[in-house]
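The primary structure of each chain is shown beneath.
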Amino acid sequence: MERFSAVADDVFLLKVPFTGVWTGVVLVLGDDAPILVDSGGSAKTVDSTIVPALAEFDLTLADIGWVLATHIHGDHVGGIGRMRALAPSIKVAVLRDSLERMRDPLAYSREIRAKFPEHSAAPPSVLDGVDPDLLLEDGDMLGPLRTIHSPGHDTDACCFFDVRSGTLITGDSLQLNGTISQGCALLFDPSRYLPSLQRLISLPVQNIVCGHPYLPLGETAIGPEAAQQFLATCIGCYEHDRGFVAGMATAGITDPLTVAEALVEDIGGIAPAKMFLPMHTVAAYQEAAERECS
Ligand SMILES: [Zn+2]
């Protein structure tokens, strides 16, 4: 059975199974009601993984005050509807930019798959939306957590910074070279990724906990040196990928599939059977470069 493991004082990570990798759910304890950051990918994993793991802390979902979402991708928000159904007192908070996507995450999942339909995996069959109780702005505090809008992975990606322990809960905001199932970093908004990383580097980050195991450093960085190294490595991966896509364009190679396959190979990744995520990254870099030129 998967259990919550300590990342820092009062911050715990649970690895919830999700096709090939896992998705992190972070439990934050403190003076107020416990907070969960993200919810796993489905109703089923709420029942099979999250509820039993909470029971180890003598907690039920009814004890949870808030569920927060780091961004509105199915593997992070797919359990929120089930949590609310089981415990109607749970309140849901998302970034204001995430409101429409949170109301209908399946529509957004389909939109992501519509750009490269023949290279995309099927969307989940069920992905329940909820109406959030609170819309967060950058800088807002919820208990000990400060909201930090950190676009790059997606336009509405955010981190939650535990100001007590200096622990940065990043969801998918720090991509390194992506997960083993992605093939490379997934950036829908690459032009805002570097400013996000530079801003995170300026914080007194003591620890990092991510929403997946990211190549090549994994899911956590413990201690300030490891945290700075993690953030610096993200910048290196970004600069590599941006330069690689630009270099291919200079050589006249712009087909997203061709460039994506070459990029994944260049960083030593494993090309996924469905290439839509690397293709999104490539297309986003190409569109950002075009905007810079015009
Ligand atoms: Zn994501």
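Because the structure is predicted, anything quoted here is derived from the model rather than measured.

> Can you help me understand the packing of helix 8 (residues 256-266) against helix 9 (residues 276-293) in this one?
For any two helices packed against each other, one specifies the crossing angle of their axes together with the interaxial distance. Where helix 8 meets helix 9, the axes come as close as 8 Å, and the angle between the chain directions of the two elements is 110°. As judged from the angle between their axes, helix 8 and helix 9 are roughly perpendicular. Every residue of helix 9 that contacts helix 8 at Pro-256, Leu-257, Val-259, Ala-260, Leu-263 and Val-264 is listed here: Pro-278, Met-279, Val-282 and Gln-286. Within the contact of helix 8 with helix 9, the residues separate by chemical class into nine nonpolar, one polar and no charged.

> Got a minute to help me understand the packing of aromatic side chains in this structure?
Remark: the centre distance and the inter-plane angle together describe each pair of aromatic rings, the angle taken between the planes. Under the definition given, this model contains four aromatic pairs. Ring centres 6.1 Å apart and planes at 35° place the aromatic pair Tyr-238 and Tyr-285 in the tilted group. Of this pair, Tyr-238 sits in helix 7 (residues 224-250) while Tyr-285 sits in helix 9, and the two are 47 residues apart along the sequence. Tyr-285 shares its class with Tyr-238; the two are buried. Among the aromatic side chains, those forming a connected cluster through ring pairs are Phe-4, Phe-12 and Phe-57. A cation sits over an aromatic face here: Arg-101 above Tyr-108, 3.9 Å from the ring centre.

> Could you clarify how one ought to interpret the layout of surface pockets in this entry?
If you add up the space inside the largest pocket, you get close to 820 Å³. Lining the largest pocket we find 35 residues, and of these Phe-18, Thr-19, Asp-75, Arg-113 and Leu-277 sit closest to its centre. Taken together, the elements giving at least two residues each to the lining of the largest pocket come down to strand 2 (11-18), helix 2 (74-77), helix 5 (105-114) and helix 9. Tallying contributions element by element places helix 5 first for the lining of the largest pocket, with five residues.

> For this particular structure, what's the right way to read the coordination of the zinc ion?
Geometry reference: four tetrahedral donors at a metal, ideal angle 109.5 degrees. Six octahedral donors, ideal angles 90 or 180 degrees. Surrounding the zinc ion are the protein donor atoms His-71 (NE2), His-73 (ND1), His-153 (NE2) and Asp-172 (OD), at 2.1 to 2.3 Å. Classification of the site at the zinc ion rests on its four donor atoms, whose angles at the metal span 89 to 172°, yielding the label irregular. Counting along the primary sequence, the residues that act as donors to the zinc ion give the motif H-x1-H-x79-H-x18-D. Of this pair, His-71 sits in the loop between strand 5 (66-68) and helix 2 while Asp-172 sits in the loop between strand 11 (167-171) and helix 6 (193-201), and the two are 101 residues apart along the sequence.

> Could you clarify how one ought to interpret the nonpolar core in this entry?
A general trend in soluble globular proteins is that nonpolar side chains are found buried together. Ranked by internal contacts, the top residues of the largest apolar core, which has 37 residues, are Leu-168, Leu-174, Leu-200, Ile-208 and Phe-230. Of all the elements in the fold, those that place two or more residues in this core are strand 10 (158-162), helix 6, strand 12 (207-214), helix 7, helix 8 and helix 9. Tallying contributions element by element places helix 7 first for this core, with nine residues. Not counting residues within four places of it along the chain, the set of residues in contact with Leu-200 comprises Ile-148, Cys-159, Leu-168, Leu-174, Val-205 and Leu-231.

> I tried to follow a nonpolar patch on the surface on my own but got confused; where do I start?
Residues Ile-180, Leu-215 and Ile-270 make up a contiguous nonpolar surface patch of roughly 270 Å² in combined accessible area. You can see Ile-180 is positioned in the loop between strand 11 and helix 6.

> Is there a simple way to explain the side chain of Asp-38 in this structure?
Within the element layout of this structure, Asp-38 appears in the loop between strand 4 (35-37) and helix 1 (43-55). At a separation of 2.8 Å, a polar atom in the side chain of Asp-38 contacts the side chain of Thr-70. Excluding residues that lie within four positions of it along the chain, Asp-38 makes contacts with Gly-24, Val-25, Val-67, Leu-68, Ala-69, Thr-70, His-76, Met-83 and Gly-171.

> Honestly, the environment of Leu-215 in this entry has me stumped. Any pointers?
Tracing the chain through its elements places Leu-215 in the loop between strand 12 and strand 13 (218-222). Classification of Leu-215 by relative accessible area gives partly exposed; the value is 36%. Along the sequence, Leu-215 and Phe-160 sit 55 residues apart, while their C-alpha atoms lie 22 Å from each other. Among residues more than four places away in sequence, those in contact with Leu-215 are Leu-176, Asn-177, Gly-178, Thr-179 and Ile-180.

> Could you clarify how one ought to interpret the sheet that holds strand 13 in this entry?
Think of a sheet as strands paired side by side through backbone hydrogen bonds, with each pair either parallel or antiparallel. Reading across from one edge, 8-9-10-11-12-13 is the order of the six strands in this open sheet, with mixed pairing throughout. A strand with exactly one partner marks an edge of an open sheet, and here the two such strands are strand 8 (141-142) and strand 13. Relative to strand 11, strand 10 is paired through three bridges, and the arrangement is antiparallel. Across the sheet, Phe-161 pairs through a bridge with Leu-168, a residue of strand 11. Against the sheet, helix 7 makes contact with strand 12 and strand 13, and its axis sits at roughly 135° relative to strand 13, the strand it touches most.

> Is there a simple way to explain empty space enclosed by the protein in this structure?
Where empty space is left can be seen by rolling a probe of water-molecule size over the atoms. Evaluation of the coordinates by the stated rule reveals one cavity of 30 Å³ or more. Taken as a whole, the largest cavity spans an internal volume of roughly 50 Å³. Along its surface, the largest cavity is lined by Gly-24, Val-26, Val-37, Asp-38, Thr-70, Ile-169, Gly-171, Val-209, Cys-210 and Gly-211. Taken together, the elements giving at least two residues each to the lining of the largest cavity come down to strand 3 (21-28), strand 11 and strand 12. Of all the elements, strand 12 adds the most residues to the lining of the largest cavity, at three residues. Among the residues making up the lining of the largest cavity, the classes are represented as five nonpolar, four polar and one charged.

Rules of the game
- Residues numbered from 1 in each chain as written.
- Predicted model: local features only at pLDDT ≥ 70, side-chain atom pairs only at ≥ 80, totals over all residues.
- Heavy atoms only, no water.
- Axes fitted to C-alpha atoms, helices over the stretch in contact; angles between N-to-C directions.
- Helix = DSSP H or I, 4+ residues; strand = E, 2+ residues; numbered from the N terminus.
- Parallel < 35°, antiparallel > 145°, perpendicular 65-115°, else oblique.
- Contact = heavy atoms within 4.5 Å.
- Nonpolar A, V, L, I, M, F, W, Y, C, P; charged D, E, K, R; others polar.
- Phe/Tyr/Trp six-rings, centres within 6.5 Å; stacked < 30°, edge-to-face > 60°.
- Buried < 20%, exposed > 50% of the residue type's maximum accessible area, 1.4 Å probe, protein only.
- Lys NZ or Arg CZ within 6 Å of the ring centre and 35° of its normal.
- 1 Å grid on protein atoms, 1.4 Å probe; cavity = no way out; pocket = protein on both sides within 12 Å on 5 of 7 lines; lining within 4 Å.
- Points joined across faces, edges and corners; volume = space filled by probe spheres on them.
- Donors = N, O, S within 2.8 Å, 3.2 Å for Na, K, Ca; no water.
- Tetrahedral: all angles 85-135°; square planar, octahedral: opposite > 155°, others 65-115°.
- Core = buried A, V, L, I, M, F, W, Y, C linked by side-chain atoms within 4.5 Å.
- Patch = residues over 30% accessible without salt bridge, like charges linked within 9 Å, V, L, I, M, F, W, Y side chains within 5 Å.
- Areas by Shrake-Rupley, 256 points an atom, 1.4 Å probe, with all protein chains shown as cover.
- Salt bridge = Lys/Arg side-chain N within 4 Å of Asp/Glu carboxyl O.
- Polar contact = N/O pair within 3.5 Å; in protein donor to acceptor, adjacent residues only side chain to side chain.
- Pairing = 2+ DSSP bridges.

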